[in-house]
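# Fold and contact review
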Amino acid sequence: MSNFETIFKKNSTVEIISNTGTEHIVVLAGGMSAEREVSLSSSIGVIKALVNLGYKVTKVDMGADVANVISEIKPDKIFNCLHGTYGEDGCIPGLLNIMHIPYTHSGLLSSAIAFDKERSREIFLAHNINCASAVYIKKSDNLKTDPMARPYVIKPLTQGSSVGVQVIFEGDDFKFADYDFKYGDVILVEKYIKGREMQIAVLNGKALGVLEIKLLQNKRFYDYETKYTDGFAEHIFPANLSEGAYKRALELAEKAIAAMNAKGMCRVEFIYSDQEDDFYILEVNTHPGMTPLSICPEIAQKVGISFEE
C-alpha cells in the first residue's frame, strides 16, 4: 500500500462472483491508480452487499482494455468502486456515458472538478466557502525557497487519499529546492490551518452527520497511513462541536455538494479552527472509501443506515 506510482495495467481481470440475480452488476475495482489497494479493499464490502441484496455480480479489476471487457460482459449497471485516477477523475464516467451504461456516483463533470484541487477551489470560493490561502507552483518555476511562510501544506493537484501531501513546519529539515514534483508538474501550496478535522457524509444532497478525526501516534495530519491503518486515528461521532457549529458544518457540506452538483454518497472534509470558530474546506470526495475504516459507511451506520442500504 506504499507504492503511490500510477501503474499501467494492460488487461482487466474478470471474476464472476454470483451467477444469479435480479440485475447484472459489474463492480469496477483496483485499476491503475495510486489508490489501487484502497479500491480493492472497498470492493470487498460492496460486492458482499450486492450479493446479499440479490444481484448477479461480476468483479472487474480494471485494465486498459476495460471498454472491451465491459462490452463482452454486457452488465445492466456499473458500480464504480475505483478510487483515484481514471475511476474518480471522470474518465470512467465519460467512457460509460459513451457506452450508455448506467453507473454509480456523480458523473463526469462533477467527478473531474472535485478531483482537481485547483478547479474545486474556484468553485468553493465562488460559493463563499472558506479555503486556506494558497499559491500554485510549477516545476518550471525552479523555486528554491519556501513559497510562503511556514507552516504550509503541499498537495498534488490530482491525487486522493492524501497521496503526496506534506505538511511543512517551522523547524523541519526541508528544502523546497529539493521537492521532486513526483505527482505532477504543478502543485498547490496552502497555508496550514491549525484545527480539528471534520468529516461529513452526504447522501443524495443531505448531510448525515459530522465525524471528528482525532489523530494518534503523533501523526501530523490525516495522511494515507492514518486513513487505512487501524489504531492511528480515533473517530468521534458526533463531532465535539457546539450545536451552532455542528449545524453550520452540515449546511456547509450540503452547500459544497450542491455547488459541485455531486450525487449519491459523498464525503466533505473541513478543518475547524477553534480560535476562529470557522470552517475551512479541504475537499469534496465523490468516491468515498467503503473500506472497514472508511468514514461514510460509519456515519451512515451511526444514523441508522446499513451498509447494504
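In the block above lies the structure referred to throughout.
Definitions and cut-offs
- Residues numbered from 1 in each chain as written.
- Predicted model: local features only at pLDDT ≥ 70, side-chain atom pairs only at ≥ 80, totals over all residues.
- Heavy atoms only, no water.
- Helix = DSSP H or I, 4+ residues; strand = E, 2+ residues; numbered from the N terminus.
- Rg over C-alpha atoms; globule rule 2.2 N^0.38 Å.
- Buried < 20%, exposed > 50% of the residue type's maximum accessible area, 1.4 Å probe, protein only.
- Contact = heavy atoms within 4.5 Å.
- Areas by Shrake-Rupley, 256 points an atom, 1.4 Å probe, with all protein chains shown as cover.
- Lys, Arg positive; Asp, Glu negative; His and termini not counted.
- Charge placed at Lys NZ, Arg CZ, Asp CG, Glu CD.
- Pairing = 2+ DSSP bridges.
- Axes fitted to C-alpha atoms, helices over the stretch in contact; angles between N-to-C directions.
- Salt bridge = Lys/Arg side-chain N within 4 Å of Asp/Glu carboxyl O.

The subject of this paragraph is the overall build of the chain. The helix and strand inventory of the chain stands at 8 helices and 13 strands. Here the chain has a C-alpha radius of gyration of 19 Å; the compact-globule value for 309 residues is 19 Å, and the two agree. Counting only C-alpha atoms and orienting by the principal axes, one finds that the chain spans roughly 60 × 45 × 35 Å. The proportion of buried residues among the 309 residues of the chain is 51%. Considering only contacts within the chain whose residues lie at least 6 apart along the sequence, 71% involve residues at least 24 apart. By element, 50% of the accessible surface of the chain is carried by carbon and sulfur atoms, the whole surface being about 14,600 Å². Charge-centre separation for the chain: the mean point of 32 positive side chains lies 1 Å from the mean point of 41 negative side chains.

Most of strand E3 (residues 56-61) is tucked away: 5 of the 6 residues are buried. Here strand E1 (residues 13-18) runs beside E3; their pairing, made up of 5 bridges, is antiparallel. Pairing of Glu15 across the sheet is with Lys59, part of E3. Pairing of strand E2 (residues 24-29) with E3, which is carried by 6 bridges, proceeds in the parallel orientation. Residue Val26 lies in a different strand from E3, and its bridge partner there is Thr58.

A cis geometry characterises the amide bond from Arg150 onward to Pro151, with omega recorded as 0°. Structurally, the position occupied by Pro151 is in the loop between strand E5 (134-138) and strand E6 (152-156). Cis geometry marks the peptide bond from Phe237 to Pro238; its omega dihedral reads -5°. Here Pro238 lies in the loop between strand E11 (233-236) and helix H7 (243-260). Its identity is not glycine, yet Lys74 carries a phi of approximately 55°, on the positive side. Note on placement: Lys74 falls in the loop between helix H2 (66-73) and strand E4 (77-80).

Time to look at the sheet that holds E6. A sheet is described by the order of its strands in space; here 4 strands give the open sequence E5-E8-E6-E7, paired in antiparallel fashion. Edge positions in the sheet fall to E5 and strand E7 (166-168), since each has one partner strand and no second. Each strand of the sheet is rotated relative to its neighbour by a mean of 25°, with strand direction disregarded. In the sheet, E5 pairs with strand E8 (residues 186-191) via 5 bridges, with the strands oriented antiparallel. Pairing of Val135 across the sheet is with Val189, part of E8. Contacts between helix H5 (residues 117-126) and the sheet are confined to E5, E6 and E8, with E5 contributing the most and set at about 155° to the helix.

One pass over the full model with this rule turns up 13 salt bridges. In this structure, Arg267 and Glu269 form a salt bridge, with 2.7 Å as the shortest nitrogen-oxygen distance. Classification of Arg267 by relative accessible area gives buried; the value is 9%. The salt bridge involving Arg267 is made with Glu283; its shortest N-O contact spans 3.8 Å. Placement of Arg267 in strand E12 (residues 265-273) and of Glu283 in strand E13 (residues 278-285) is noted, with a sequence separation of 16 residues between them.

These values are about where atoms sit, not about what they do.
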